[in-house]
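Observations on the three-dimensional arrangement
Here's the letter readout for the chains.
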Amino acid sequence: MRKEVILITGANGEIGHGLITQIGAEKRARILAMDLKPMDECLEVYCERFILGDILDKMLLGRLMAEYEITTIYHLASILSTKAEYNPETAHEINVEGTINLLRLGVELSQWQGKPVKFIYPSSIAVYGLPDLKTKVSEGKIKEYQWCNPITMYGCNKIYCEHLGRYYSRYYRQLAKDPIKNTIDFRCIRFPGLISADTTPTGGTSDYGPEMLHSAAKGIPYECFVRKDTRIPFMAMPDAIKALQLIEKAPKENFSQLVYNVTSFSPSAEEIEKYVKVAFPKCEITYEIHHSRQAIVDSWPEDVDDSPARKDWGWKPDYKMNRSFNKYLIPAIRARYAQAGCN
Ligand code: SER
């Protein structure tokens, strides 16, 4: 008998940490975790198995199919927006080729298993591209189908993979004599910038939020790379994990679309600074604008409309800004760095 598992790629990343800890603590499924980097020790207890491997390795993915009954794929592995700009073609390979490999694996598994594999895919506000600040401010909350003109490789990759998800779940090999019946059940969330108390992001452009907070907690001066008035949506990690679990569990009949915005609060960089300073009054935060990174966040919306997610699968954040900082981020970060001997 092959064991039933949930496959999580990018397991060592920020979302991977949160998701594995949550699913593992609930003991609701066996986790097959995969990442290019060795597994963080604190996650090991929650996983059935960890695979040190590359999503570009088709042989490896094929072997997984033979060994496990994979009911759900959380495809989290990707190169974020800033890092992707330093090597766009490599980012494309990982973000797009890697996703196609997983989508194909999902389709094949669905065939073998006789029922659609759920494919949960995190997309991003990076799929949006507002032409200028005036438009960004005047548009306010934007809907899923508006302003999808990304200016980054990461944003291009994410919007294309959303389309691939739709293609693989609804139209895969549509001209075949015997079109495939069971393909994947693709479900996608466009996340805002995420802030976690347990991890810091690597290579993103919304990183100034979490970096400001973690640096302050560690007593390290922070030079913020965007203007004080920069505003994009953010979310605390527990809400991101909640959204992923809600979209995974929702009945398929409830979905009116495949791709959903979610959000929680939309602070300016200066508003984040204020919260950080109340908690860590001695912290040093200065501003040194990186113009190209600034242009990227200026092209992202200042808010998104997440009403379809609220209506179709009951999305609602537990943590607005005040609660995120005062009930989750600050207490958890204090405890974390105190334990690590940084405070
Ligand atoms: N956090 C991501 C980034 O900055 C956006 O989704 O690239």
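Please refer to the structure placed before this passage.
Residues numbered from 1 in each chain as written. Predicted model: local features only at pLDDT ≥ 70, side-chain atom pairs only at ≥ 80, totals over all residues. Heavy atoms only, no water.

1. A short note on the sheet that holds strand E4 (residues 68-75)
- Read across the open sheet, the seven strands follow the order E3-E2-E1-E4-E5-E7-E11; overall the sheet is parallel. Each edge of the open sheet is held by one strand with a lone partner, namely strand E3 (49-52) and strand E11 (259-261). Sheet twist, expressed as the mean angle between neighbouring strand axes with direction ignored, is 20°.
- In terms of strand pairing, strand E1 (residues 3-9) meets strand E2 (residues 31-35) through four bridges, oriented parallel. Paired with Leu7 across the strands is Leu32, a residue of E2.
- Here helix H3 (residues 58-67) sits on the sheet in contact with E1, E2, E3 and E4, set at roughly 135° to E4. (Pairing = 2+ DSSP bridges. Helix = DSSP H or I, 4+ residues; strand = E, 2+ residues; numbered from the N terminus. Axes fitted to C-alpha atoms, helices over the stretch in contact; angles between N-to-C directions. Contact = heavy atoms within 4.5 Å.)

2. What about the packing of helix H8 (residues 208-218) against helix H13 (residues 321-339)?
- Interaxial distance between H8 and H13 falls to 9 Å at its minimum, and their mutual angle equals 45°. Here H13 runs oblique to H8, going by the angle between their axes. Note that H8 runs across H13; the crossing there is right-handed. Within the contact between the two elements, H8 uses Leu213, His214, Ala217 and Lys218 and H13 uses Phe325, Leu329, Ile330, Ile333, Arg336 and Tyr337.
- Within the contact of H8 with H13, the residues separate by chemical class into seven nonpolar, one polar and two charged. (Parallel < 35°, antiparallel > 145°, perpendicular 65-115°, else oblique. Left-handed = near helix turned anticlockwise from the far one by under 90°. Nonpolar A, V, L, I, M, F, W, Y, C, P; charged D, E, K, R; others polar.)

3. Concerning the packing of helix H1 (residues 14-26) against helix H9 (residues 237-249)
- At their nearest, the axes of H1 and H9 sit 9 Å apart, and the two run at 65° to each other. Where H1 crosses over H9, the two elements pack in a sense that is right-handed. On H9, the residues touching Glu14, Ile15, Gly18, Leu19, Gln22, Ile23 and Glu26 of H1 are Met237, Ile241, Leu244, Gln245 and Lys249.
- Grouping the constituent residues of the contact of H1 with H9 by class yields six nonpolar, three polar and three charged.

4. A look at the pairing of E4
- Within E4, six of the eight residues are buried, which leaves the element mostly enclosed by the surrounding structure.
- Pairing geometry for E1 and E4, over seven bridges, is parallel. Residue pairing in the sheet places Ile8 in a bridge with Tyr74 of E4.
- The sheet contact formed by E4 and strand E5 (residues 118-124) spans three bridges and is parallel. Note that in E5 the partner of Thr72 across the bridge is Lys118. (Buried < 20%, exposed > 50% of the residue type's maximum accessible area, 1.4 Å probe, protein only.)

5. So, the side chain of Ser324
- Here Ser324 is to be found in helix H13.
- At 3.3 Å, the side chain of Ser324 forms a polar contact with the backbone oxygen of Tyr319.
- Those residues in contact with Ser324 that lie beyond four places of it in its chain are Ala236, Phe265, Tyr319 and Leu329. (Polar contact = N/O pair within 3.5 Å; in protein donor to acceptor, adjacent residues only side chain to side chain.)

6. A short note on the nonpolar core
- Membership of the largest hydrophobic core comes to 110 residues, with the highest contact counts inside it found for Ile8, Phe191, Tyr208, Trp313 and Phe325.
- At eight residues, the largest contribution of residues to this core is made by helix H5 (residues 88-113).
- When residues no more than four places from it in sequence are discounted, the contact partners of Phe191 are Ile15, Pro122, Ser123, Ser124, Ile125, Met235, Ala240, Ala243, Leu244 and Val262. (Core = buried A, V, L, I, M, F, W, Y, C linked by side-chain atoms within 4.5 Å.)

7. Quick notes on the layout of surface pockets
- Of the voids in this model, the second largest pocket is the one considered here, and its volume is about 250 Å³.
- Lining the second largest pocket are 16 residues, with Glu144, Tyr145, Arg166, Gln257 and Val259 positioned closest to its centre.
- Top element by residues in the lining of the second largest pocket is helix H7 (residues 153-170). It accounts for five residues.
- The residue inventory of the lining of the second largest pocket, partitioned by class, reads six nonpolar, three polar and seven charged. (1 Å grid on protein atoms, 1.4 Å probe; cavity = no way out; pocket = protein on both sides within 12 Å on 5 of 7 lines; lining within 4 Å. Points joined across faces, edges and corners; volume = space filled by probe spheres on them.)

8. A look at the side chain of His75
- Within the secondary structure, His75 sits in strand E4.
- Within the local environment of His75, its side chain forms a polar contact with the side chain of Thr9, the two groups lying 2.8 Å apart.
- Here His75 is in contact with Thr9, Ile55, Gly98, Thr99, Leu102, Phe119, Ile120, Tyr121 and Pro122, once residues within four sequence places are set aside.

9. Considering the site of the ligand
- Near the ligand, the surroundings consist of Leu80, Ser81, Ser124, Tyr154, Gly204, Thr205, Ser206 and Trp300.
- Within the contact set of the ligand, an oxygen atom lies 2.5 Å away from a side-chain nitrogen or oxygen of Ser81.
- Measuring from a nitrogen atom of the ligand, one finds a side-chain N or O atom of Ser206 at 2.9 Å.
- Of the residues contributing to the shell around the ligand, the split by class is three nonpolar, five polar and no charged. (Near = heavy atom within 4 Å.)

10. What about the environment of Gly10?
- By the secondary structure assignment, Gly10 is in the loop between E1 and H1.
- By relative accessible area, which is 13% here, Gly10 ends up buried.
- With 67 residues separating them along the chain, Gly10 and Ala77 place their C-alpha atoms 3.8 Å apart.
- When neighbours within four sequence positions are excluded, Gly10 is seen to be in contact with Gly16, Met34, Asp35, Leu76 and Ala77.

11. Regarding H3
- Looking at H3, one finds that the buried residues are Leu60, Leu61, Leu64 and Met65. Buried residues in H3, looked at end-on, bunch into an arc of 150°, giving them a common side. Every exposed residue of H3 that faces more than 90 degrees away from the buried side is listed here: Met59 and Ala66. (Arc of directions from axis to C-beta.)

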